[in-house]
Amino acid sequence: MANATVLPLPRHPVGGLLAQPLEGLGRMFYMVEPELTTYKTPEEVPFFFRQAWPYFLAFIVLENLVLWLEHKPLSRLNDSLTSISHGIFQECGRLVFRGAEHWMYIYIYENFRLAELPWDSAITWYLALVGVDFCYYWVHRASHEVHILWAQHQVHHSSEDYNLAVGLRQSLLQGWCGFVFYLPMALIVPPAHFLTHQQFNLLYQFWIHTETVQTLGPLEWVFNTPKHHRVHHGSNLYCLDKNYGGFLIIWDRLFGTFAEERPKEETVYGLVFNQPSFNPFYLQIFYNKNVINKVRAMNGWKNKVSAVVKGPSWLPGRPWTGAEEDKIDVSRKARTCTLGTRPYYSFFVRVLGTLTSTATPPWGRSETPWTRGGTNNVGFQNGQDGN
Ligand SMILES: [Zn+2]
Ligand SMILES: [Zn+2]
């Protein structure tokens with residue numbers, strides 16, 4: 001296997017010790033330089049998501065500082081710990097899955113690709129960016145409009161709060177539910193580009209989970225922002241099945257799923273039927289029982305299949321995502337889940353955190369943001385192919 005071209009450390013204007021932390025910070029907002037984040041093989045792609053954990057935690061502290069300065073309620077400790085526990089759950093899943101959900105992508109690329117795009121071209125890099133985001137839109141939309149996929153994705157929507165910690169509240173099985181939607185990309189886009197942008201796309205979606213940022217002006221036209229994503233997390237009628245975008249919001253505008261936030265209408269976050277639980281084990285799996293119960297309640301195999309593959313609100317004789325008149329109009333309500341913080345959470349976070357820190361990324365080696373030398377980065381079209 002050929003090695004990537006070795007170039008000196010990133011030419012960040014600040015340079016020195018701050019270069020790598022600033023690069024890590026930029027990755028949280030998809031502010032990355034293509035020539036510094038292009039890799040030839042999947043094995044060379046850093047595990048950016050794991051490297052981001054210090055930023056996740058620092059941003060959560062910063063968000064609460066802003067809330068405190070604005071005299072607004074801080075994030076609830078019990079709810080935030082539950083969210084972070086889900087994030088650690090997802091990380092621990094890698095111990096078992098080892099990136100196997102990417103095996104099919106690599107297999108299709110190696111055996112059935114239609115084109116050989118130059119791996120060190122900016123065009124390939126940007127094509128991968130747009131391709132991953134386009135596929136994410138459809139993965140996410142399917143996760144809301146296919147009952148069995150919603151049974152997993154609902155974890156992300158199970159908080160009645162909206163803060164940065166919610167960005168870490170992910171389903172353990174999410175990767176397995178969505179990988180099929182990315183496979184068409186394997187006909188064209190090299191696996192290393194896919195793995196790189198899938199991580200950047202996910203990282204970008206962390207910071208948009210906040211109420212501390214109101215509006216970003218003209219950027220709201222193109223990018224997914226806190227304003228747009230607050231609508232996605234609302235369970236008000238106008239919010240349901242809206243704003244699926246990951247990095248770009250243009251897909252929602254194009255495919256008719258965009259909704260503008262209504263500042264005068266209080267957004268009610270969470271599930272339509274919230275669970276009185278902070279137990280992450282329970283929240284990860286409880287909804288699958290609802291799918292089974294719905295299948296059992298249906299008459300005829302056609303309706304039983306529909307109960308699995310159509311939307312959560314679907315009923316016989318109704319449209320795929322259910323009829324508007326059948327949906328429940330939520331209004332401001334007291335939070336369903338107000339349990340106290342239990343001691344086992346600190347134990348839980350500590351044990352799983354230890355497990356996570358020993359995990360090796362499935363497609364490469366484990367590194368922290370501070371140890372990586374950036375030597376896999378390449379300059380575009382610089383005549384060095386790294387052989
Ligand atoms: Zn969603
Ligand atoms: Zn979200």
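Residues numbered from 1 in each chain as written. Chains lettered and ligands numbered in written order. Predicted model: local features only at pLDDT ≥ 70, side-chain atom pairs only at ≥ 80, totals over all residues.

Examining the overall build of the protein chain
For clarity, the cut-off: Secondary structure follows DSSP: runs of H or I at least 4 residues long count as helices, runs of E at least 2 residues long count as strands, and numbering of each begins at the N terminus. Labels follow a simple rule on C-beta atoms placed from the backbone: if 20 or more others lie within 10 Å of a residue's own, it is buried; if 12 or fewer, it is exposed; otherwise it is partly exposed. We call two residues in contact when the distance between their C-beta atoms, placed using the backbone, is within 7 Å.
Counting secondary structure elements, the protein chain contains 15 helices and 0 strands. Across the 387 residues that make up the protein chain, the buried fraction comes to 40%. Residue pairs at least 24 apart in sequence account for 77% of intrachain contacts in the protein chain once pairs closer than 6 positions are excluded.

Here's the deal with the environment of Lys304
Structurally, Lys304 is set in helix α14 (residues 301-309). In this structure Lys304 touches Val295 and Met298, once residues within four positions along its chain are discounted.

Structural notes on the nonpolar core
Most often, soluble globular proteins have nonpolar side chains that are buried together. Applicable threshold: By convention the nonpolar core is taken to be a set of buried residues drawn from Ala, Val, Leu, Ile, Met, Phe, Trp, Tyr and Cys and joined through C-beta atoms within 7 Å.
Ranked by internal contacts, the top residues of the largest apolar core, which has 55 residues, are Cys135, Phe194 and Leu203. Looking at this core, the elements that each hand over two or more residues are α2 (48-51), α3 (53-69), α4 (77-97), α5 (103-112), α6 (122-145), α7 (147-153), α8 (174-182) and α9 (191-207). Considering each element in turn, this core owes the most residues, 9 residues, to α6. In contact with Phe194, other than residues within four places in its own chain, are Tyr105, Ala128, Val132, Tyr182, Met185 and Val189.

Brief notes about unusual backbone geometry
Positive phi is not limited to glycine here, since His71 has a value of about 60°. Residues other than glycine seldom take positive phi values, yet Asn243 does so here, at roughly 55°. The topology assignment puts Asn243 in the loop between α10 (226-233) and α11 (250-255).

Concerning the environment of Glu33
With respect to the helices and strands, the residue Glu33 is situated in the loop between α1 (19-27) and α2. Sequence separation between Glu33 and Glu23 is 10 residues; the distance between their C-alpha atoms is 9.2 Å.

Digging into the packing of α6 against α8
Applicable threshold: Axis geometry follows a simple rule: fit a line to the C-alpha atoms, using only the stretch in contact for helices, then measure angles between N-to-C directions, giving values from 0 to 180 degrees. Note on angle classes: values under 35 degrees are labelled roughly parallel, values over 145 roughly antiparallel, values of 65 to 115 roughly perpendicular, and the remainder oblique. Each crossing is labelled by how the near helix is turned from the far one, with a counterclockwise turn of less than a right angle marking it left-handed and a clockwise turn marking it right-handed.
Close contact between α6 and α8 brings their axes to 9 Å; oriented N to C, the two are set at 135°. By the criterion of interaxial angle, the relationship of α6 to α8 is oblique. At the point where α6 passes α8, the crossing takes the right-handed sense. Of α8, the residues touching α6 (which contributes Cys135, Trp138, Val139, Ala142 and Ser143) are Cys177, Gly178, Phe181 and Tyr182.

A few points about the confidence of the model for the protein chain
To be explicit about the condition: The score called pLDDT rates the predictor's confidence residue by residue, from a low of 0 to a high of 100.
A residue-level look at the protein chain finds 80% of positions with pLDDT of 70 or above and a mean pLDDT of 84. Every residue in residues 1-10 is under pLDDT 50, and counting partners more than four places away or in other chains gives 25 contacts. Low pLDDT (under 50) marks residues 358-387, which in the prediction has 72 contacts with non-local residues, meaning those over four places away or in another chain.

A closer look at α3
Quick note on the threshold: Residue count minus one, scaled by 1.5 Å, sets the expected span of a helix. Arc definition: it is the arc formed by the directions from the helix axis to the C-beta atoms.
For α3, spanning 17 residues, the distance from its first C-alpha to its last is 25 Å, which sits close to the expected 24 Å at 1.5 Å a residue. Every buried residue of α3 is listed here: Phe59, Ile60 and Glu63. Down the axis of α3, the buried set is contained in an arc of 105°. They therefore lie on one face. Of the exposed residues in α3, those oriented more than 90 degrees away from the buried face are Ala58, Val61, Leu65, Trp68 and Leu69. Where α3 is buried, its residues meet α9.

Topic: the environment of Gln205
With respect to the helices and strands, Gln205 occurs in helix α9. Every residue in contact with Gln205, bar those within four places of it in the chain, is listed here: Gly167 and Gly246.

Remarks on the packing of α6 against α9
Put simply, the rule is: For this classification, the nonpolar set comprises Ala, Val, Leu, Ile, Met, Phe, Trp, Tyr, Cys and Pro, the charged set comprises Asp, Glu, Lys and Arg, and every other residue, Gly included, is treated as polar.
In the contact formed by α6 and α9, the axes pass within 9 Å of each other and the chain directions differ by 55°. Classified by the interaxial angle, the pair formed by α6 and α9 is oblique. Note that α6 runs across α9; the crossing there is right-handed. Of the residues in α9, those in contact with Thr124, Trp125, Ala128, Leu129, Val132, Asp133 and Tyr136 of α6 are His193, Phe194, His197, Gln198 and Asn201. When grouped by side-chain class, the residues that make up the contact of α6 with α9 number 6 nonpolar, 5 polar and 1 charged.

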